[in-house]
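# Descriptive structure summary
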Amino acid sequence: MTTTLAPATFAEITLPDSARDAIGAELLPLADPVLDIDRALARLHAVFARLPLGALQAVLDFGRHVDTPGVALVRNLPVDPELPATPVDGNPSPDKRTFVAEGVLLGLSQLLGEPVGFTTEKAGRLVHDVVPVSAGAATQTNQSSGVFLNFHNDIVHDEAGRYDVSNPDFLVLHCLRQDPGKEAVTYYADARDISRALAPDVLDTLRAPLFRLNAPGSYVREFAGGAEVLSDPVAVISGPDESPEISVSANGVRGLTEDAEAALHVLQRVCREVAHQVYLEPGTALLINNRKGLHARSQFLARHDGRDRWLQRTYLRRSLWAIRYRGVSGERRVH
């Protein structure tokens, strides 16, 4: 009798010092890449060719194969020699003088897919500064710090009624500054691990179209006056048993039956039980498959004094073709 091992759902990739230093030297003199994004991405293709072949293939395989891990931690990345104060408003820092971090973020990102901006998230910017904001401390958004940010995908409001279709395929989180108390934990729960841990009846419920996702907090706050904006009914888990997809909104999911509501509570508990845990620090980045699993973040102390946790994030699509109906006139990458 042979036993089939479950596929690995977490990976680590560590750059040798020589590659870190060579890439860092290439990135240090470059201008802010978002000023001419397509030319910058072409340049970053050449820069990241300095990755060792094994590391390069690991990142490429992460983005293109069904059976690869849903999350990967990349270590020993180059960093900016100096950082300004962490922004307190969620916007880019006007005082940042070098753009090594942005180059690392976009260099890794373009190996996975196409950077994309959405008008309803960070004003359509391609590089998101993810920092604690005092007004959002207790919200289920990336501005929070005082609450556990529940297991979720990054989803996008879509007038078509499905928030799980035009959402990013991947996101990358790159750490510029760790929180002073080193408390913040990022979690990732892979749908394959989740499905194996769920009771069959709960899994069946989650696979039925008995749920409506609430639009992202940024959309609800800025465009809906705080009111719920619910999707069409969808299943939370879908696809083949060996390669399921999962969809959960951070801002809330409404079960359409008592069993569906109960299944959502079980899902969050099981996610905590099976999740991988990562403490992001400068020189690390987290590659996240936004369809294979859910991510979350622990509560942490924020003082809003310029020394708080500072991540940068990209949203990525394997192709922009399928969301061309959302395109902003005159903008190739903003939808």
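Residues numbered from 1 in each chain as written. Predicted model: local features only at pLDDT ≥ 70, side-chain atom pairs only at ≥ 80, totals over all residues. Heavy atoms only, no water.

What follows deals with the overall build of the chain. Helix and strand counts for the chain stand at eight helices and 15 strands. For a compact globule of 335 residues, the expected C-alpha radius of gyration is about 20 Å, and the chain comes in at 19 Å, within 12% of that figure. With the principal axes as the frame, the chain shows a C-alpha extent of 60 × 55 × 45 Å. The 335 residues of the chain split such that 56% are buried. (Helix = DSSP H or I, 4+ residues; strand = E, 2+ residues; numbered from the N terminus. Rg over C-alpha atoms; globule rule 2.2 N^0.38 Å. Buried < 20%, exposed > 50% of the residue type's maximum accessible area, 1.4 Å probe, protein only.)

Now for the layout of surface pockets. By volume, the largest pocket amounts to about 640 Å³. Every residue lining the largest pocket is counted, 43 residues in all, and those nearest its centre are Glu121, Thr141, Asn142, Gln143 and Arg313. Ranked by residues supplied to the lining of the largest pocket, first place goes to helix H7 (residues 217–223) with five residues. Within this model, the second largest pocket holds a volume of roughly 280 Å³. In terms of lining residues, the second largest pocket is bounded by 16 residues, among which His65, Val66, Asn289, Arg291 and Lys292 are the most central. Among the elements that line the lining of the second largest pocket, the one with the most residues is helix H3 (residues 53–64), at three residues. Taken together, the residues that form the lining of the second largest pocket break down as four nonpolar, four polar and eight charged. (1 Å grid on protein atoms, 1.4 Å probe; cavity = no way out; pocket = protein on both sides within 12 Å on 5 of 7 lines; lining within 4 Å. Points joined across faces, edges and corners; volume = space filled by probe spheres on them. Nonpolar A, V, L, I, M, F, W, Y, C, P; charged D, E, K, R; others polar.)

Turning next to the sheet that holds strand S12 (residues 276–278). Taken in spatial order, the four strands of this open sheet run S5-S14-S7-S12, and their pairing is antiparallel. Either end of the sheet is taken by a strand with one partner, and the two such strands are strand S5 (149–152) and S12. Each strand axis lies, on average, 15° off the axis of its neighbour in the sheet, ignoring direction. (Pairing = 2+ DSSP bridges. Axes fitted to C-alpha atoms, helices over the stretch in contact; angles between N-to-C directions.)

Right, let's talk about helix H8 (residues 258–274) for a bit. Its 17 residues give H8 an end-to-end C-alpha distance of 25 Å, which sits within 8% of 24 Å, the value for a rise of 1.5 Å per residue. Among the residues making up H8, those that are buried are Ala260, Ala263, Leu264, Leu267, Val270, Cys271 and Val274. Along H8, the residues classed as buried sweep out an arc of 135° about the axis, all on the same side. In H8, those exposed residues whose orientation departs by more than 90 degrees from the buried face are Glu258, His265 and Glu273. (Expected span 1.5 Å × (residues − 1). Arc of directions from axis to C-beta.)

What follows is about the pattern of salt bridges. A complete count under the given rule lists 24 salt bridges for this structure. The partner of Asp80 in a salt bridge is Lys96, with the nearest N and O atoms 3.0 Å apart. Separated by 16 residues along the polypeptide, Asp80 in the loop between strand S2 (71–75) and helix H4 (100–112) and Lys96 in the loop between S2 and H4 bring together distant segments of the chain. Accessibility assignment for this pair places Asp80 and Lys96 in one class, buried. In this structure, Asp190 engages Arg192 in a salt bridge whose closest nitrogen and oxygen atoms are separated by 2.8 Å. Arg192 carries the same exposure label as Asp190, and that label is buried. Three or more residues joined by partner-sharing salt bridges are found here, namely Asp38, Glu114, Arg332 and Arg333. (Salt bridge = Lys/Arg side-chain N within 4 Å of Asp/Glu carboxyl O.)

On to the pairing of strand S15 (residues 310–317), then. Here S15 lies mainly inside the structure; eight of its eight residues are buried. In S15, alternate side chains face the same way, and those of Trp310, Gln312, Thr314 and Leu316 on one face and Leu311, Arg313, Tyr315 and Arg317 on the other are all buried. Bridge count between strand S3 (residues 114–116) and S15: three bridges; the pairing is antiparallel. In the strand pairing of S15, Glu114 is matched with Arg317. Where strand S4 (residues 128–130) and S15 come together, three bridges link them in antiparallel fashion. Counted as the bridge partner of Val130 is Leu311 from S15.

Scanning the entire structure with this criterion turns up six aromatic pairs. Here Phe62 and Phe170 contribute two aromatic rings whose centre-to-centre distance is 6.1 Å and whose plane-to-plane angle is 45°, an arrangement assigned as tilted. With Phe62 in helix H3 and Phe170 in strand S6 (residues 170–177), this residue pair connects regions lying 108 residues apart in the sequence. Here Phe62 falls in the buried class, since its relative accessible area comes to 4%. On the numbers, 5.7 Å between centres and 45° between planes, the contact of Phe148 with Tyr187 is tilted. In this pair, Phe148 sits in the loop between S4 and S5 while Tyr187 sits in strand S7 (residues 186–190), placing the two residues 39 residues apart along the sequence. Comparing Phe148 with Tyr187, the two get one shared label, buried. Aromatic ring contacts, followed pair by pair, group Phe148, Phe151 and Tyr187 into a single cluster. The ring of Phe148 is capped by Arg272, whose NZ or CZ atom sits 4.0 Å from the centre of that ring. (Phe/Tyr/Trp six-rings, centres within 6.5 Å; stacked < 30°, edge-to-face > 60°. Lys NZ or Arg CZ within 6 Å of the ring centre and 35° of its normal.)

What follows is about unusual backbone geometry. Although it is not a glycine, Lys182 sits at a positive phi angle of roughly 50°. Along the chain, the position of Lys182 falls in the loop between S6 and S7. We classify Lys182 as exposed; its relative accessible area is 55%. Of note, the phi angle at His304 is positive, near 55°, even though the residue is not glycine. Structurally, His304 is set in the loop between strand S14 (293–297) and S15. Residue classification places His304 among the partly exposed positions, given a relative accessible area of 28%.

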